[in-house]
Amino acid sequence: MKSSGQAWKFGNNIDTDLIIPARYLNSHNPQELAKHAMEDADATWASKVQKGDFIVAGDNFGCGSSREHAPIAIKAAGVSAVIAKSFARIFYRNAINIGLPILESPDAAEAIKEGDEIKVNLVTGEIDNLTSGMSYSAQPFPGFMQQIIDAGGLIEYIKTKKK
Amino acid sequence: MRQQTISEKILAKHASLKSVEPGQLINCKVDLVLGNDITAPPAIQEFAKIGVSKVFNKKKIYLVPDHFSPAKDIKSAEQIKMMREFARKYGIVNFFEIGCMGIEHVLLPEMGAIKAGDLVIGADSHTCTYGALGAFSTGVGSTDMAAAMATGEVWFKVPEQLKFVFTGKLNKWVEAKDLILYTIGQIGVDGARYMSMEFTGPVIRQLSVEGRLTMANMAIEAGGKNGIFEVDDKTAAYLKKTGAGKGLVYKSDPEAEYKQIFKWEASAIEPQVSLPHLPSNTKPVGKCKSIKIHQSVIGSCTNGRIEDMRLAAKILKGKRIHRDVRCIILPGTQNISLQMIKEGLMKTFIEAGAVVSTPTCGPCLGGHMGILAEGERSISTTNRNFVGRMGHPKSEVYLSNVAVAAASAITGRISSPEDL
Ligand code: SF4
């Protein structure tokens, strides 16, 4: 599972109201949400982002509300993974549960610049910056979480356990 | 055996383990699963994919349509309808139609749904509120909610523990809200990321249970997984009054391990204001006084309890809301509205020129009932002041306690009740 695309940089404490404002939460349709992803951080981002691109952010990405609409909007916008220095707790759970890849790597998040061409191996957590030639490795997930990720999210994981 | 905190003991008990330690991954049985009109619809969709024919327990699932209700538009009405139909289909007892609905985190404690020692998850980040009653309670997303509705279980990583000790005496006009805003201001919006926050000390023991609910409510604004308070006589009396029953009371062991212990002297704390756009951006009210406001919101799951309404009325009694300010009062539940009528608070508010809403989250999350236009500013007793939280991305929210929000509504600028 390798993905490549361009990096979109965001700062620290990107909250879920920035990721998907509450005024759009009267819908939970992923395509509808994707149209407004990151809108209050960058009003035109949703129209610029290309399938396969990456969000690269600072500390505490996804802080604030528990709305799963946030990782759903990002995923439906075509983002292949979010790379951040750290993630807020509920966002972290939600991303794993719905199958949005997230990578915690303070070094990568610091060094990658807006527009850099990034390649990520989602199995090994290796992040290559094709523009600068630098490579980084993300924190591995604990085994149990990796199982949820491998199953394709929490619901699929529970289904396999039930069998 | 390992010396443990209250939070660790509740987690261990629900994982059927003797003890747990930070970092450990555990599977817990839950006592209550909560969802609202934003988070329940996706959970219901995910629940259908699991392929079970019934929910784990018809009485332990709480569905509260509070965010966009009474339905503000067609899409919101569809979401609430989906909850209603799901509740009927699966025989879920605790679905709250308007008329008995309230803001979830005000309603559940009030109706006795939560008792000490419970393990509660809710698809709402402010589910951490119930820690005030000695429960381990935390927010999750819709998929976790779906899984818990099917299995009655949820996975956790045992959090590290932080302790906050407040000593001394509260200054005049300082409320529980100020203690939590101060805490967030000191440690930052990720200061307790993934961690438990235990609040204790003589000042905490003096607080009412309502005040403790206000503090636990905002643990998430410091990134915390849960906030927790030791059960004392006040908690026991509250739990008895609500009919919850006392539950299981845990105390932190004397040698329990904390990642960090913070000790603060309450007399050094003034009423706090969180400036845009982070709850951690706090200043004493004295340093914010030239700031003009257009709106004052008093209510929400943070400060929408009867004690808050009484305090707001005490300040607004016989006064007039400033002509350039809209003052919106949002009691948390129907019972609180009724009590306000009995005590004459409604009259006070209306005579002062404030409007009183039916219980709803409303403007707290920029839903409806008081949205801000471009360039407008609101002082608010709610819990978040992120960009666009109450409306236009170029509007601003200033968080404060009840007395400051009420006083500011009168003067038109951020004010302390001392200024009246
Ligand atoms: S009152 Fe505000 S913070 Fe509380 S549950 Fe409603 S939207 Fe969330």
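Preceding this paragraph is the structure being described.
One structure accompanies this document, and this report is about it. (Residues numbered from 1 in each chain as written. Chains lettered and ligands numbered in written order. Predicted model: local features only at pLDDT ≥ 70, side-chain atom pairs only at ≥ 80, totals over all residues. Heavy atoms only, no water.)

**Remarks on the overall build of chain B**
Along its length, chain B carries 14 helices and 18 strands. Computed over C-alpha atoms, the radius of gyration of chain B comes to 20 Å, within 12% of the 22 Å expected from 2.2 N^0.38 for 420 residues, which places it in the range of a compact globule. Principal axes of the C-alpha set define a box for chain B whose edges measure 60 × 50 × 40 Å. Per-residue burial over chain B gives 64% buried out of 420 residues. Sequence-distant contacts, at least 24 apart, represent 75% of the contacts inside chain B between residues at least 6 apart. Accessible surface computed for chain B: about 14,700 Å², of which carbon and sulfur atoms make up 50%. With 52 positive and 41 negative side-chain charges, chain B shows a separation of 2 Å between the mean positions of the two kinds. (Helix = DSSP H or I, 4+ residues; strand = E, 2+ residues; numbered from the N terminus. Rg over C-alpha atoms; globule rule 2.2 N^0.38 Å. Buried < 20%, exposed > 50% of the residue type's maximum accessible area, 1.4 Å probe, protein only. Contact = heavy atoms within 4.5 Å. Areas by Shrake-Rupley, 256 points an atom, 1.4 Å probe, with all protein chains shown as cover. Lys, Arg positive; Asp, Glu negative; His and termini not counted. Charge placed at Lys NZ, Arg CZ, Asp CG, Glu CD.)

**What about the overall build of chain A?**
Scanning chain A for helices and strands turns up 8 helices and 7 strands. The C-alpha atoms of chain A give 15 Å as radius of gyration, which agrees with the globular expectation for 163 residues (15 Å, within 12%). When each of the 163 residues of chain A is scored for burial, the buried share is 59%. Long-range pairs, those at least 24 residues apart, make up 65% of the contacts in chain A with a sequence separation of at least 6.

**Comments concerning the interface of chain B and chain A**
Counting residues at the interface gives 50 residues for chain B and 40 residues for chain A. Regarding the contact of chain B and chain A, the summed buried area is about 3,800 Å², with carbon and sulfur atoms giving 58% of it. On the surface where chain B and chain A come into contact, there are 2 salt bridges. Here D144 of chain B makes a salt bridge to R93 of chain A, at a shortest N to O gap of 2.7 Å. Connecting chain B to chain A are 23 residue pairs in polar contact (both at pLDDT 80 or more). Considering only residue class, the side of chain B that touches chain A consists of 23 nonpolar, 14 polar and 13 charged. (Buried area = accessible area lost by both parts, 1.4 Å probe. Salt bridge = Lys/Arg side-chain N within 4 Å of Asp/Glu carboxyl O. Polar contact = N/O pair within 3.5 Å; in protein donor to acceptor, adjacent residues only side chain to side chain. Nonpolar A, V, L, I, M, F, W, Y, C, P; charged D, E, K, R; others polar.)

**Some words on the sheet that holds strand β9 (residues 196-200) of chain B**
Residue and element names in this part refer to chain B. If you walk across this open sheet you meet the 4 strands as β10-β9-β8-β11, and the pairing is parallel. Unpaired on one side and paired on the other, β10 (226-229) and β11 (260-265) mark the two borders of the sheet. With strand direction ignored, the average angle separating the axes of adjacent strands in the sheet is 20°. With 6 bridges joining them, strand β8 (residues 161-167) and β11 adopt parallel strand pairing. Note that in β11 the partner of K163 across the bridge is I261. Sitting on the sheet, helix α6 (residues 176-187) touches β8, β9 and β11, and the angle it makes with β11 is about 125°. (Pairing = 2+ DSSP bridges. Axes fitted to C-alpha atoms, helices over the stretch in contact; angles between N-to-C directions.)

**So, the site of the ligand**
Around the ligand, a shell composed of 13 residues is seen, among which H126, C301, C361, C364 and N383 of chain B lie nearest. Every element with two or more residues in the shell around the ligand is listed here: α4 (104-110) and α10 (300-303) of chain B. (Near = heavy atom within 4 Å.)

**A few points about the packing of helix α11 (residues 306-316) of chain B against helix α14 (residues 402-411) of chain B**
Residues and elements named next belong to chain B. Running from N to C, α11 and α14 point in directions that differ by 30°, and their axes come no closer than 9 Å. The two elements α11 and α14 cross, and the hand of that crossing is right-handed. On α14, the residues that touch D308, L311, A312, I315 and L316 of α11 are V402, A403, A406, A407 and I410. Grouping the amino acids of the contact of α11 with α14 by side-chain chemistry returns 9 nonpolar, no polar and 1 charged. (Left-handed = near helix turned anticlockwise from the far one by under 90°.)

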